[in-house]
Amino acid sequence: MKPRLLLAVLLLPWLAAAAPKPDIVFLLIDDLGFADCGFNGGKLIRTPNIDRLAKTGAVLEHHYVQPVCSPTRSTLLTGRYPTRTGVYSIVTPHAPWGLPLAERTLAQGLREAGYATHIVGKWHLGEFEPAYLPLARGFEHHYGHYFGAIDYFTHIRGKEVDWHRDGQPSKDEGYSTYLLRDEACRVIANQPKDKPLFLYVPFNGVHSPFQAPEAACKDYPDLKGSRQKFAGMLTAIDEAVGRIEEALRQAGRLENTLIVFSSDNGGTPMSDNTPLRDHKGSIFEGGVRAAAFASWPGRIPAGQRIREPMHMVDWYPTLLRLAGASTEQKLPIDGLDIWPMLTTKAASPHDAILCVSTQGPERAAVRMGPWKLLELNAPARAIDEEGGEGKAKGKAAKAAAKYEPLALYNLEEDPGEARNLAAAQPERVKAMQARLAELLRGAVPPGKPGAK
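Presented here is a report on the structure given in the accompanying data block. What you see is a predicted model; the values in this text were computed from it and never measured. (Residues numbered from 1 in each chain as written. Predicted model: local features only at pLDDT ≥ 70, side-chain atom pairs only at ≥ 80, totals over all residues. Heavy atoms only, no water.)

1. Examining the overall build of the chain
1) Next: On a plain count of helices and strands, the chain comes out with 13 helices and 21 strands.
2) Next: Excluding contacts between residues fewer than 6 apart, the proportion of contacts in the chain whose partners are at least 24 apart in sequence is 70%.
3) Next: As presented, the chain carries roughly 18,600 Å² of accessible surface, and 55% of it is formed by carbon and sulfur atoms. (Helix = DSSP H or I, 4+ residues; strand = E, 2+ residues; numbered from the N terminus. Contact = heavy atoms within 4.5 Å. Areas by Shrake-Rupley, 256 points an atom, 1.4 Å probe, with all protein chains shown as cover.)

2. Examining the pairing of strand β10 (residues 197–202)
1) Next: With six of its six residues buried, β10 lies for the most part within the structure.
2) Next: Burial along β10 is two-sided: the face carrying L197, L199 and V201 and the face carrying F198, Y200 and P202 are both buried.
3) Next: Across five bridges, strand β1 (residues 23–29) lies against β10 in parallel orientation. If you follow I24 over to β10, its bridge partner there is F198. (Buried < 20%, exposed > 50% of the residue type's maximum accessible area, 1.4 Å probe, protein only. Pairing = 2+ DSSP bridges.)

3. Topic: the packing of helix α6 (residues 176–190) against helix α8 (residues 225–250)
1) Next: Viewed as axis vectors pointing N to C, α6 and α8 meet at an angle of 10°, and their least axial separation amounts to 9 Å. One element, α6, and the other, α8, form an angle in the roughly parallel class. Side by side, α6 and α8 meet where T177, Y178, R181, D182, A184, C185 and I188 of the first sit next to A236, I237, E239, A240, R243, I244, A247 and L248 of the second.
2) Next: Here the residues of the contact of α6 with α8 sort into ten nonpolar, one polar and four charged. (Axes fitted to C-alpha atoms, helices over the stretch in contact; angles between N-to-C directions. Parallel < 35°, antiparallel > 145°, perpendicular 65-115°, else oblique. Nonpolar A, V, L, I, M, F, W, Y, C, P; charged D, E, K, R; others polar.)

4. Brief notes about the environment of L28
1) Next: Turning to its location among the elements, L28 is positioned in strand β1.
2) Next: If we ignore the near neighbours within four places in the chain, the residues touching L28 are R73, Y200, V201, P202, F203, S262, S263, D264 and M312.

5. Topic: the nonpolar core
1) Next: L27, F39, L199, F203 and F261 are the most contacted members of the largest nonpolar core, which has 50 residues in total.
2) Next: Counting only elements with at least two residues in this core, the list comes to β1, α2 (48–55), β4 (116–122), α6, β10, α8 and β11 (257–263).
3) Next: Element by element, the count of residues in this core is highest for α8, at eleven residues.
4) Next: Setting aside residues up to four positions removed in sequence, F203 forms contacts with L27, L28, I29, D30, R73, T177, L180, R181, I237, A240 and I244.
5) Next: One finds A107, W123, A294 and W296 within the second-largest nonpolar core, a separate group that totals 47 residues. (Core = buried A, V, L, I, M, F, W, Y, C linked by side-chain atoms within 4.5 Å.)

6. Focus: the sheet that holds strand β12 (residues 289–290)
1) Next: The strand order across the open sheet built from three strands is β12-β3-β15, with neighbouring strands paired in mixed fashion. Only two strands of the sheet have a single partner each, and these edge strands are β12 and β15 (310–311).

7. Observations regarding the pattern of salt bridges
1) Next: Going through the model one piece at a time under the given rule, you end up with 27 salt bridges.
2) Next: E61 is the partner of R305 in a salt bridge, and the nearest nitrogen-oxygen pair spans 2.5 Å. Of the two residues, R305 is situated in strand β14 (residues 304–306) and E61 in the loop between β2 (58–60) and β3 (63–64); the sequence distance between them amounts to 244 residues.
3) Next: A relative accessible area of 42% places R305 in the partly exposed class.
4) Next: A residue is classified by how much of its surface remains accessible, and E61, at 12% relative accessible area, is buried.
5) Next: Here the residues in one salt-bridge network are D30, R73, K122 and D264, joined through shared partners. (Salt bridge = Lys/Arg side-chain N within 4 Å of Asp/Glu carboxyl O.)

8. Re the environment of H142
1) Next: Considering the arrangement of structural elements, one finds H142 in strand β5 (residues 141–145).
2) Next: Taking the C-alpha atoms as reference points, H142 and Y200, 58 residues apart in sequence, are found 9.6 Å from one another.
3) Next: Look past the residues within four positions of H142 in its chain and what remains in contact with it is I119, G121, P134, L135, H164, R165 and D166.
4) Next: Within the structure, the side chain of H142 is placed 3.0 Å from the backbone oxygen of G121, a separation counted as a polar contact. (Polar contact = N/O pair within 3.5 Å; in protein donor to acceptor, adjacent residues only side chain to side chain.)

9. Considering the side chain of D264
1) Next: Inspection of the secondary structure puts D264 in the loop between β11 and α9 (285–288).
2) Next: The class for D264 is buried, based on a relative accessible area of 0%.
3) Next: One polar contact links D264 to R73, side chain to side chain, over a distance of 3.0 Å.
4) Next: Those residues in contact with D264, other than ones at most four positions away along the chain, are L28, I29, D30, D31, V65, Q66, V68, C69, T72 and R73.

10. Let's talk about the packing of aromatic side chains
Two numbers describe a pair of aromatic rings. These are the distance of the centres and the angle of the planes.
1) Next: All told, the structure shown has 17 aromatic pairs when counted by the stated rule.
2) Next: Each ring, one from Y175 and one from Y178, has its centre 5.3 Å from the other, and the planes form 65°; the classification is edge-to-face.
3) Next: Taking relative accessible area as the criterion, Y175 reaches 5% and is therefore assigned buried.
4) Next: The class of Y178 is partly exposed, set by a relative accessible area of 22%.
5) Next: A ring pair is formed by F210 and F230, whose centres lie 6.2 Å apart and whose planes are at 65°; its orientation type is edge-to-face. Of this pair, F210 sits in the loop between β10 and α7 (214–217) while F230 sits in helix α8, and the two are 20 residues apart along the sequence.
6) Next: Taken together, F26, W123, F139, F198, Y200 and W315 form an aromatic cluster joined through their ring pairs.
7) Next: In this arrangement the basic side chain of R277 is found over the ring face of F284, its NZ or CZ atom lying 3.9 Å from the centre.
8) Next: In this arrangement the basic side chain of R299 is found over the ring face of W296, its NZ or CZ atom lying 4.4 Å from the centre. (Phe/Tyr/Trp six-rings, centres within 6.5 Å; stacked < 30°, edge-to-face > 60°. Lys NZ or Arg CZ within 6 Å of the ring centre and 35° of its normal.)

Here it is, written out as structure tokens:
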């Protein structure tokens, strides 16, 4: 071995240990449509800060999530599908269940690796006992709300105020998106320079109710009613994202920060999901493919559009390994390391990705290469405005009646899932059904995990 090469090999462990751990900022937007932002083709609503940030890294065109809020949050924080955690549906206020306490969270793993861990925004994984709250699940600081569908100005959900700081009620006044923006910027500004940061910012925007400051709506005079409010809500999110990026720059942290941006599920009918079929609550692409990107200057090549499929579960092992944290644990992980995919144009590490509905494993899909197989055998249900489930009625029942019990789509040729090829591809259907059965083997049944 040549002397210079030998020296480089000997120095590799020291260089790895000396390299500063990256800061991680994870921005989760609630109910954002696939094409609401400009980076995915949106033209109606102005999102200049989000679009500029997306161009600095990789747009993730096939980034899968869960059909509704709580399950996506559980997959991010555990690296495990709902079939393992039991979090298939939405956790409602005071419900006696949440993310099972046996789960090791991303925040716990990063904290063990020396990170400061902050959540600024919506939790939505249980609050009926202190053991289920963020401060008991690896976060050292939480500011924001526990559930969705809060009033943006009064922070009331139902008859109660849902706004908290570190487990205690908070009386802070103001538009919630701006309060979360300001808190995130404070966290960044006050963070010691020698301590790595994990900042998780799950905004409540653009979830209903549709409320926005008048100033955020002024650029949309041609829009009316809720649609204008929705545009203003996304404009407020865009401004908040820009301010958070600037806070990182002012703190001298931006160059060593990985920023991940994603929706938690597909958009509602208020959103633009073009060209995908259906919306939030569905396991068609419009319900489970998120608008997403990842940016890290100098580490993730800029200007990419990655079409390789991945799932929210993949961020758990990927972020832990980037942070030098252990991925060894008792519970099996479904996520796989996607870092080579983001940085070297490697193929997806998955041979198959699971999509499972709010009803559990009886309505599920599997993505393999460009192909997606759906088995829709459970009774039709709908997602109401508050995010809860109920039996489908009216338009929802009519839409559900169009779903075929078995469907196969080629997503490269048919991203809108309009042509069912199951009858023409019996052997492929058989092979994909077998793989789906493997993924669903041992799935916990729908219920209330962690319930007392």
